[in-house]
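As a plain string of letters, each chain reads:
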Amino acid sequence: MLMDKDILPKIVSLCKRRGFVFPSCEIYGGLSAVWDYGPMGAVLKKNIKDVWWKTYVEQRDDIAGLDASIIMSEPVFKASGHLDSFTDALIDCKSCKKRFKIEHLEKKAKADHCPECHAPINPKDIQPRKFNLMIKTHLGVLEEEAKPAYLRPETAQGIFTNFSNVLNTLHKKLPFGIAQIGKAFRNEVTTKSFIFRTREFEQMEIEYFVPPDKAEENYRYWVDERRRWYVENLGINEKNMKIREHSRDELAHYAKACSDIEFNFPFGWQELEGIANRGDFDLSCHGKTSKQDLTYFDEKTKSRFMPFVIEPSAGVDRTFLALLCDAYREEEVKGKTRVVLGLNKNIAPYKIAIFPLLKNRPELVEKAKSLFNDLKKDFVCIYDDTGAIGKLYRRQDEIGTPFCLTVDVETREDKKVTVRERDTMQQDRVPIEEIKKYFRDKFSN
Ligand code: ATP
């Protein structure tokens, strides 16, 4: 089943209204395919990255973290092949003058059509021009004397160039992985669909180094493991995910196998993450170009070889969009539409929202603020008294806050507060002295 197409404009509008995502440089008219993450978006993004880092770096002893530079020298990309072949083949439409990627030609009957204006394109006009997607700059004071450098188009290259450094500092045995989260930049041609394909984005990548004869089994393991992570750690509905294994003719020349984890976006099934068995291509290329020995010596077998690498490569921004699409729902409540982001409670930007029932009653405001100050030591909380209770609840539903806590007129007498749960809207009266335990239990399962 395809996700409702109309949901995307609603999500874009919610992101702006509630401070998840803003167009970059908006007061100057915006910057195409570049976005800023607002107060809610920054926290949601951090939560996604934290869960990934915790799962793969903190909770395993076979993967170490890295934070390599974004800006990298030209030889890196000469060796990796990006300078020569990280290109899109572009075509110009003679009717609407728009430029697009050759793979986006629409096949209608036997002719090709422009994906923008749908005008037929004469096969004679299909002479694609190559366009490198990397963003180039210069380091040094005088541009003509300065050395060219590039904003990395993927975080992976910083991992390969540090392979020996990490191995020598940690003395790890294979199989062993290096994980990195960070920004990457591509001068993308087709940039529709909100934050799906942007020119500045973040990746979460692991390069998992293995002996060549263990590559196939590790590749299978990572495909299953990464799918499991989206479902169990992020709470994405299994039905909205599928694995698509690449056919032989789709594979890059060096790749032994590749699978995409696809998500059911409102604009169709699309790649969320790619998992590839890249063989020894990357380390071999860097070893050859840099003239450094990047082979591995296996103490047990007393053999030296170039490790193979399995690469699970995920996009933070695409995961963010998938989470919102998966979680967004509208419900009819007492004749009104309630918009809810049903995010997993451990991923939601705020865990608890705290309100006084009436903002003109100083004793309620004071108690609510004191509870906020106490609870924020253990949970990410937000205090709000800028509207009537119904409005405050609706705001929190829209940003996915799992619990709202209200201090009301009875609180003074019975020493209890009202806790309202996002999904069921059920309300509990909870004694203040038990409130921390109450939330600890809620978040532990
Ligand atoms: P696509 O074909 O969709 O552009 P890709 O196959 O080029 O993606 P990879 O190079 O395999 O992507 O990058 C790994 C992951 O990084 C992707 O699965 C995606 O989640 C993310 N990613 C890549 N390019 C972008 C982009 N321009 N904007 C946002 N995320 C991206």
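From a predicted model like this one, the values you see are computed outputs, not experimental measurements. (Residues numbered from 1 in each chain as written. Predicted model: local features only at pLDDT ≥ 70, side-chain atom pairs only at ≥ 80, totals over all residues. Heavy atoms only, no water.)

J.: So, the overall build of the protein: which residues are in play, and what are the values?
T.: When helices and strands are counted, the protein shows 13 helices and 27 strands. Along the first, second and third principal axes, the C-alpha set of the protein runs to 75 × 65 × 50 Å. Residues counted as buried form 50% of the 445 residues belonging to the protein. For the protein, contacts bridging at least 24 residues in sequence account for 64% of all contacts bridging at least 6. Positive and negative charge centroids in the protein, built from 74 and 70 side chains respectively, lie 2 Å apart. (Helix = DSSP H or I, 4+ residues; strand = E, 2+ residues; numbered from the N terminus. Buried < 20%, exposed > 50% of the residue type's maximum accessible area, 1.4 Å probe, protein only. Contact = heavy atoms within 4.5 Å. Lys, Arg positive; Asp, Glu negative; His and termini not counted. Charge placed at Lys NZ, Arg CZ, Asp CG, Glu CD.)

J.: Can you tell me about the site of the ligand, naming the residues and giving the values?
T.: Around the ligand sit 15 residues, and of these Glu188, Arg197, Thr198, Glu271 and Leu272 come closest. Contact distances for the ligand include 2.9 Å between an oxygen atom and a side-chain N or O atom of Arg197. One of the side-chain nitrogen or oxygen atoms of Arg318 is found 3.0 Å away from an oxygen atom of the ligand. Expressed as a share of its isolated accessible area of 590 Å², the protein-covered part of the ligand is 81%. Of all the secondary structure elements, the ones that give two or more residues to the shell around the ligand are strand E14 (200–210), strand E17 (268–277) and strand E20 (308–315). Top contributing element to the shell around the ligand by residue count: E17, with four residues. (Near = heavy atom within 4 Å. Polar contact = N/O pair within 3.5 Å; in protein donor to acceptor, adjacent residues only side chain to side chain. Areas by Shrake-Rupley, 256 points an atom, 1.4 Å probe, with all protein chains shown as cover.)

J.: Lay out the pattern of salt bridges in plain terms, naming residues and giving numbers.
T.: Counted according to the given criterion, the structure contains 38 salt bridges. With a shortest N-O distance of 3.1 Å, Glu216 and Arg220 are connected by a salt bridge. With a gap of four residues between them, Glu216 and Arg220 both fall in helix H7 (residues 215–233), about one helical turn apart. When its relative accessible area of 42% is taken as the criterion, Glu216 is described as partly exposed. The partly exposed category is assigned to Arg220, whose relative accessible area is 37%. (Salt bridge = Lys/Arg side-chain N within 4 Å of Asp/Glu carboxyl O.)

J.: If you had to explain the packing of helix H2 (residues 39–58) against helix H9 (residues 316–327) to someone new, which residues and values would you point to?
T.: H9 packs onto H2 with a crossing angle of 110° between their chain directions and a minimal axis gap of 10 Å. Considering the angle they form, H2 stands roughly perpendicular to H9. Taking contact as the criterion, the partners of Gly41, Leu44, Lys45, Ile48 and Lys49 in H2 are, on H9, Val316, Asp317, Thr319, Phe320, Leu323 and Leu324. Along the lines of polarity and charge, the residues of the contact of H2 with H9 split into six nonpolar, two polar and three charged. (Axes fitted to C-alpha atoms, helices over the stretch in contact; angles between N-to-C directions. Parallel < 35°, antiparallel > 145°, perpendicular 65-115°, else oblique. Nonpolar A, V, L, I, M, F, W, Y, C, P; charged D, E, K, R; others polar.)

J.: Summarise the sheet that holds strand E27 (residues 427–431); cite the residues concerned and give the values.
T.: Within a sheet, adjacent strands bond to each other through the backbone by hydrogen bonds, running parallel or antiparallel. Read across the sheet, five strands follow the order E24-E23-E25-E26-E27 without closing on themselves; strand pairing throughout is mixed. One side of each edge strand has no neighbouring strand; the edge strands of this open sheet are strand E24 (381–383) and E27. For this sheet the average axis-to-axis angle between neighbouring strands, irrespective of direction, equals 25°. The pairing of strand E25 (residues 403–407) with strand E26 (residues 416–421) spans four bridges and is classified as antiparallel. Following the sheet pairing, Leu405 is matched in E26 by Val419. The sheet strands contacting helix H10 (residues 362–375) are strand E23 (352–356), E24, E25 and E26, and the helix crosses E23 at an angle near 160°. Running at roughly 170° to E23, helix H11 (residues 389–399) makes contact with E23, E24, E25, E26 and E27 of the sheet. (Pairing = 2+ DSSP bridges.)

J.: Which residues make up the sheet that holds strand E11 (residues 135–139), and what values do they have?
T.: Strand order in the open sheet made by the three strands is E4-E12-E11, with antiparallel pairing throughout. On the outer flanks of this sheet lie strand E4 (71–73) and E11, each paired with one strand and no other. Averaged over neighbouring strand pairs, the angle between their axes works out to 45° when direction is ignored. In terms of strand pairing, E4 meets strand E12 (residues 147–151) through three bridges, oriented antiparallel. Directly across from Ile71, in E12, lies its bridge partner Leu151.

J.: I'd love a proper account of the packing of aromatic side chains, names of residues and values included.
T.: Within this structure, the stated rule accounts for 24 aromatic pairs. With a centroid separation of 4.6 Å and an interplanar angle of 55°, the aromatic rings of Phe163 and Phe209 are classed as tilted. A residue pair is termed long-range when its members are at least 10 positions apart, and Phe163 in helix H6 (residues 163–170) and Phe209 in strand E14 qualify at 46 residues. Aromatic ring contacts, followed pair by pair, group Trp52, Tyr56, Tyr208, Tyr221 and Trp222 into a single cluster. Taking NZ or CZ as reference, Arg318 lies 3.8 Å from the ring centre of Phe196, over its face. Residue placement shows Arg420 over the ring face of Tyr393; its charged tip is 4.3 Å from the ring centre. (Phe/Tyr/Trp six-rings, centres within 6.5 Å; stacked < 30°, edge-to-face > 60°. Lys NZ or Arg CZ within 6 Å of the ring centre and 35° of its normal.)

J.: Which residues make up the pairing of E14, and what are the values?
T.: Most of E14 sits out of view: 10 of its 11 residues are buried. Sheet topology note: the strand E13 (residues 176–185)/E14 ladder contains 10 bridges and is antiparallel. For Ile178, the partnering residue across the bridge sits in E14 and is Glu207. Note: E14 against E20, six bridges, orientation antiparallel. Paired with Met204 across the bridge in E20 is Ala314.

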